[in-house]
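Structural overview for review
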Amino acid sequence: VSAPRSEVPRPPEPWPGAAPGEPAAEPTALAELADALAEQPPRIPSKYLYDERGSALFDRICDLPEYYPTRSELAIMEQHAAEMARALGPDATVVEYGTGTGRKTRLLLAALDRPCAYVPVDVAAEFLSAASARLAAEFPAVAVVPVWADFTRPFLLPPDVPRGRRRVAYFPGSTIGNFEPDEARALLAEMRDRVGPGGAALVGVDLRKDPRVLEAAYDDAAGVTARFNLNVLAHVNRRFGLAFDPSRFRHRAPWVDRAGRIEMRLVSTVRHEVDVAGRRYRFEPGDYILTEYSHKYRLTEFAALAQTAGWRTRRTWTDAEARFSVHLLET
Ligand code: AVI
């Protein structure tokens, strides 16, 4: 009796791409959180926004009327993917930093001339497997090689990833904006090393605009972003056995012009204290915890940042309202 055969080509199990010597996250995570909370202003690392509930809330954010970035970037991809593909040329290996719903990736892979391989890199193993399986089914001629790794730390690609004619780093979603400029530069430099000479990158970058539009995008009328932000407290409580009380904080997301960013904050409404790893943190009314930055760039600002990371900006595309941009960088 032969085993039932799946009709859908399955990609391999995610390849564990953490570079040798990288510390396991958990033992140091609580100390990292305690240190971040001791900063001025206190911080909770943004990665804790994305537990299962946080990821589901983020998916809802992407469809909110106020949250324009997803729609604007999709519009750019729908309109310009063919031009991007022409500029990138045939037989490319696409390394995606993170995995989203796959809508933009699909548009890119469909437009590319005989793409050789697609290599998504993500820490969320189950999400990565599911997204990879879907794309492998849709693009049977493309080698789909998921890599399970945190792309902000050193990672390796499996040695048998087909090189293709050109490696392309794909980083959509304006996630680059969630990094401080120095970190963003380091990540862009890492991408440059990753793709090597002759390689390219396509990076989605949200643009500076009217602060009212920005603040509405990060504090929507339905309160989904507020729930997304407050959920970080429930997540760290569960993960580390802490006792943050979400009802003592409220969501705020001001535009901070001098820093060129939205700051996601959790503002304490009452005087209270929280213990973390043997340290006591006191919050007065109005004190806040920073949970995320979302930097917005001018086109020239981003090109200058990319240049300091060793890239040359070959082209940029924006949507009709010039809200969002996609940058084609070359080595
Ligand atoms: C994932 N990242 C690009 C989103 C952003 O717009 O900075 C995260 C987000 N935070 C609140 N809303 C969306």
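On to the packing of aromatic side chains. A complete count under the given rule lists 13 aromatic pairs for this structure. With a centroid separation of 5.9 Å and 80 degrees between ring planes, the pair formed by Tyr50 and Phe58 is classed as edge-to-face. Look at Phe58 and you get partly exposed, because its relative accessible area is 27%. A connected cluster of aromatic rings, assembled from ring pairs, spans Tyr50, Phe58, Tyr67, Tyr218 and Phe228. Over the aromatic face of Tyr293 sits the side chain of Arg261, whose NZ or CZ is 3.7 Å from the ring centroid. Between Arg265 and the ring centre of Tyr288, over which it is positioned, the NZ or CZ distance is 4.1 Å.

Here we come to the side chain of Asn229. By secondary structure assignment, the location of Asn229 is in helix H8 (residues 224-240). Residue classification places Asn229 among the buried positions, given a relative accessible area of 0%. In this structure the side chain of Asn229 is engaged in a polar contact, spanning 2.7 Å, whose partner is the side chain of Thr291. Apart from residues no more than four positions distant in its own chain, Asn229 is found in contact with Leu49, His251, Met264, Arg265, Leu266 and Thr291.

Turning our eyes to something else, we now look at unusual backbone geometry. Cis geometry marks the peptide bond from Gln40 to Pro41, where omega comes out at 0 degrees. Structurally, Pro41 is set in the loop between helix H1 (25-38) and helix H2 (52-62). We note that Asp91 has phi near 60 degrees; this positive angle belongs to a residue other than glycine. Here Asp91 is to be found in the loop between helix H3 (69-88) and strand E2 (92-97).

Now for the confidence of the model for the chain. This prediction gives the chain a mean pLDDT of 93; 94% of its residues lie at or above 70. Note on residues 1-9: pLDDT under 50 across the span, and three contacts to partners over four residues away in sequence or across chains.

Neighbouring the ligand are 13 residues, the closest being Tyr67, Asn178, Tyr218, Glu292 and Ser294. In the model, an oxygen atom of the ligand is placed 2.5 Å from a nitrogen or oxygen of the Tyr218 side chain. One of the side-chain nitrogen or oxygen atoms of Ser294 is found 2.6 Å away from an oxygen atom of the ligand. Here the residues of the shell around the ligand sort into six nonpolar, six polar and one charged.

Generally speaking, a soluble globular protein has its nonpolar side chains buried in company with each other. Counting 35 residues, the largest nonpolar core has Leu33, Leu37, Ile44, Val236, Phe244, Val276 and Ile289 as the members making the most contacts within it. The leading source of residues in this core is H8, at six residues.

Turning next to helix H4 (residues 103-111). Burial in H4 covers these residues: Lys104, Thr105, Leu108 and Leu109. Down the axis of H4, the buried set is contained in an arc of 130 degrees. They therefore lie on one face. On its buried side, H4 packs onto H3, E2, strand E3 (117-122), helix H5 (125-138), strand E6 (166-171) and strand E7 (200-206).

Packing of H3 against H4 brings their axes to within 8 Å, and their N-to-C directions diverge by 20 degrees. By the angle between their axes, H3 is roughly parallel relative to H4. Between H3 and H4 lies a crossing whose hand is right-handed. Contacts between H3 and H4 pair Thr70, Glu73, Leu74, Met77, Glu78, Ala81, Ala82, Ala85 and Leu88 from the former with Arg103, Lys104, Leu107, Leu108 and Ala111 from the latter. Of the residues contributing to the contact of H3 with H4, the split by class is nine nonpolar, one polar and four charged.

Take the pattern of salt bridges next. Counted according to the given criterion, the structure contains 28 salt bridges. Taken together, the shared-partner salt bridges in this structure form one network comprising Arg166, Arg312, Arg314 and Glu330.

What follows concerns the packing of helix H6 (residues 181-195) against helix H9 (residues 299-308). At their nearest, the axes of H6 and H9 sit 8 Å apart, and the two run at 55 degrees to each other. Overall, the two elements H6 and H9 adopt an arrangement that is oblique. The two elements H6 and H9 meet at a crossing, and its hand is right-handed. Across the interface between the two elements, Pro181, Ala184, Arg185 and Leu188 of H6 pack against Phe302, Leu305, Ala306 and Thr308 of H9.

By the element assignment, Tyr68 lies in the loop between H2 and H3. Along the primary structure Tyr68 and Ala216 are separated by 148 residues, whereas in three dimensions their C-alpha atoms are 9.9 Å apart. Excluding its chain neighbours within four sequence positions, the residues that come into contact with Tyr68 are Asp206, Lys209, Val213, Leu214, Ala217, Lys296 and Arg323.

What counts, and where the lines are drawn
- Residues numbered from 1 in each chain as written.
- Predicted model: local features only at pLDDT ≥ 70, side-chain atom pairs only at ≥ 80, totals over all residues.
- Heavy atoms only, no water.
- Phe/Tyr/Trp six-rings, centres within 6.5 Å; stacked < 30°, edge-to-face > 60°.
- Buried < 20%, exposed > 50% of the residue type's maximum accessible area, 1.4 Å probe, protein only.
- Lys NZ or Arg CZ within 6 Å of the ring centre and 35° of its normal.
- Helix = DSSP H or I, 4+ residues; strand = E, 2+ residues; numbered from the N terminus.
- Polar contact = N/O pair within 3.5 Å; in protein donor to acceptor, adjacent residues only side chain to side chain.
- Contact = heavy atoms within 4.5 Å.
- pLDDT = per-residue confidence, 0-100.
- Near = heavy atom within 4 Å.
- Nonpolar A, V, L, I, M, F, W, Y, C, P; charged D, E, K, R; others polar.
- Core = buried A, V, L, I, M, F, W, Y, C linked by side-chain atoms within 4.5 Å.
- Arc of directions from axis to C-beta.
- Axes fitted to C-alpha atoms, helices over the stretch in contact; angles between N-to-C directions.
- Parallel < 35°, antiparallel > 145°, perpendicular 65-115°, else oblique.
- Left-handed = near helix turned anticlockwise from the far one by under 90°.
- Salt bridge = Lys/Arg side-chain N within 4 Å of Asp/Glu carboxyl O.

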